[in-house]
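Structure at a glance
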Amino acid sequence: RSAVPHSDVHLDAPPGDEFGALAGAFNSMSTRLALQFKALLAHAEIDAGMLSPVDLPRIAAIVLKRTAELVPSERRFLLLADPPAPRAYQLYSETAEGASCAAATISEEDTHRLAGATNGLHFALSDSWSRLEGLGHLPGRNLFVLPIPLGRKLGGAIVLGYDDERRPGGTDMSILWKLVDRVAVALTAAQRDLELHRRAYYDALTRLPNRVLAMEELERAVAQAARHKRVLAVLFIDLDGFSDVNDTLGHHAGDELLALAAERLRRCVRKSDLVARLGGDEFIVILPELAEAANASVAARHLIAELSE
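Now for a look at the structure at hand.

Procedures and definitions
Residues numbered from 1 in each chain as written. Predicted model: local features only at pLDDT ≥ 70, side-chain atom pairs only at ≥ 80, totals over all residues. Heavy atoms only, no water. Pairing = 2+ DSSP bridges. Helix = DSSP H or I, 4+ residues; strand = E, 2+ residues; numbered from the N terminus. Axes fitted to C-alpha atoms, helices over the stretch in contact; angles between N-to-C directions. Contact = heavy atoms within 4.5 Å. Core = buried A, V, L, I, M, F, W, Y, C linked by side-chain atoms within 4.5 Å. Buried < 20%, exposed > 50% of the residue type's maximum accessible area, 1.4 Å probe, protein only. Expected span 1.5 Å × (residues − 1). Arc of directions from axis to C-beta.

Description of the sheet that holds strand E7 (residues 231–238)
Across the sheet, three strands lie side by side as E7-E9-E8; this open sheet has antiparallel pairing. One side of each edge strand has no neighbouring strand; the edge strands of this open sheet are E7 and strand E8 (274–279). Each strand axis lies, on average, 20 degrees off the axis of its neighbour in the sheet, ignoring direction. When E7 meets strand E9 (residues 282–290), the two strands line up antiparallel, connected through seven bridges. Note on E9: the bridge partner recorded for Ile237 is Phe283. Against the sheet, helix H5 (residues 211–228) engages E7, E8 and E9, with an angle of about 20 degrees to E9. Packing of helix H8 (residues 294–308) onto the sheet brings it into contact with E7 and E9, and relative to E7 it is tilted by some 25 degrees.

This is the structure:
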């Protein structure tokens, strides 16, 4: 006996007799088993992708590849939420290397519409009144969109494109729902990893890099400055009289002051500069790639003037 997980085995038998009927039943069973094996393989691959920090592009490539094998359609896409931005998503499509990615925006109305469509949405791309705005540019005649719920939010969707009026049947829907469940778990794990990274490297109050990340970035900036023989400056900043704010107005007012100071510091520097909170009322600003050392004094005076207001 042998198991063939990647392809089904078919018997050739003349129709019209009991051997033909048995061969037909065997072929039908073989086809179902092959689908089940491929579905289990897809689940195992997605699960393996979550054993280390979650790589969503890799998981997207797995889902697109396996969906092509399991559910008939002309085209396949995977929509995944981009956690840092509300209503922002990444739309993955198939490529020879795995999956390509493009930004997509789903309106709040379409987000609620999709989240409530537990059995999916099927619509013609030519019908502007029925299609989803963020997916209206996709090729083909019809789309079927199955949402990926993430608690009360929309985590994304599996999108199938057709050149005719087809839509997934009962067996196809069962396969898709199981894939949706696996992708939802992967998205939850990715959000967990992102939150752990944020807690480890960013200050919760000001959302600035914390001391740990600041020291890592400073070490990297010093090495680059030495390698390319460029000028680098580090400004150390603390707020005079900050303890008086806490003592007289309370810690809530002190927190508001720190958050405002962080916002002003961030607003005053270039995108290539780094503002970080070391702790308490202490900040640093890393200024890489200065044309000359005197530019650090100009930046310092600008920061002091902005904070003094």
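Next, the rest of the story.
Description of the nonpolar core
Leu78, Leu80, Ile148, Ile158 and Leu176 are the most contacted members of the largest nonpolar core, which totals 33 residues. At the level of elements, helix H1 (18–48), helix H2 (56–70), strand E1 (75–81), strand E5 (142–150), strand E6 (153–162) and helix H4 (170–201) are the ones that each hand at least two residues to this core. At 11 residues, H4 tops the list of elements feeding residues into this core. Excluding anything up to four places from it in sequence, Ile158 contacts Val63, Phe77, Leu78, Phe144, Val145, Leu146, Ile148, Leu176, Leu179 and Val180.

Comments concerning H8
Compared with an ideal rise of 1.5 Å per residue, which puts 15 residues at 21 Å, H8 spans 22 Å between its outermost C-alpha atoms and is within 8% of the ideal. For H8, the full list of buried residues reads Ala296, Leu303 and Glu306. In a view along the axis of H8, the buried residues occupy a sector of 90 degrees, so they form one face of it. Those residues of H8 that are exposed and aimed more than 90 degrees away from the buried face are Arg301, Ile304 and Ser308. At its buried positions, H8 is contacted by E7, helix H7 (251–268) and E9.

Regarding the environment of Leu307
Relative to the helices and strands, Leu307 is located in helix H8. Sequence-distant contacts of Leu307, defined by excluding residues within four places in its chain, comprise Ile237, Leu239, Ala261, Arg264 and Leu265.

Points about the sheet that holds strand E2 (residues 88–95)
Ordered by their spatial adjacency, six strands build an open sheet running E3-E2-E1-E6-E5-E4, and the pairing between neighbours is antiparallel. Either end of the sheet is taken by a strand with one partner, and the two such strands are strand E3 (98–105) and strand E4 (121–124). The sheet shows a mean angle of 25 degrees between the axes of neighbouring strands, taken without regard to direction. As judged from the nine bridges shared by E5 and E6, these two strands associate in the antiparallel manner. Residue Pro149 lies in a different strand from E6, and its bridge partner there is Leu154. Of the strands in this sheet, E2, E4, E5 and E6 touch helix H3 (residues 108–115), which is tilted by about 80 degrees from E6. Contacting E1, E5 and E6, H4 runs over the sheet at an angle of about 45 degrees to E5.

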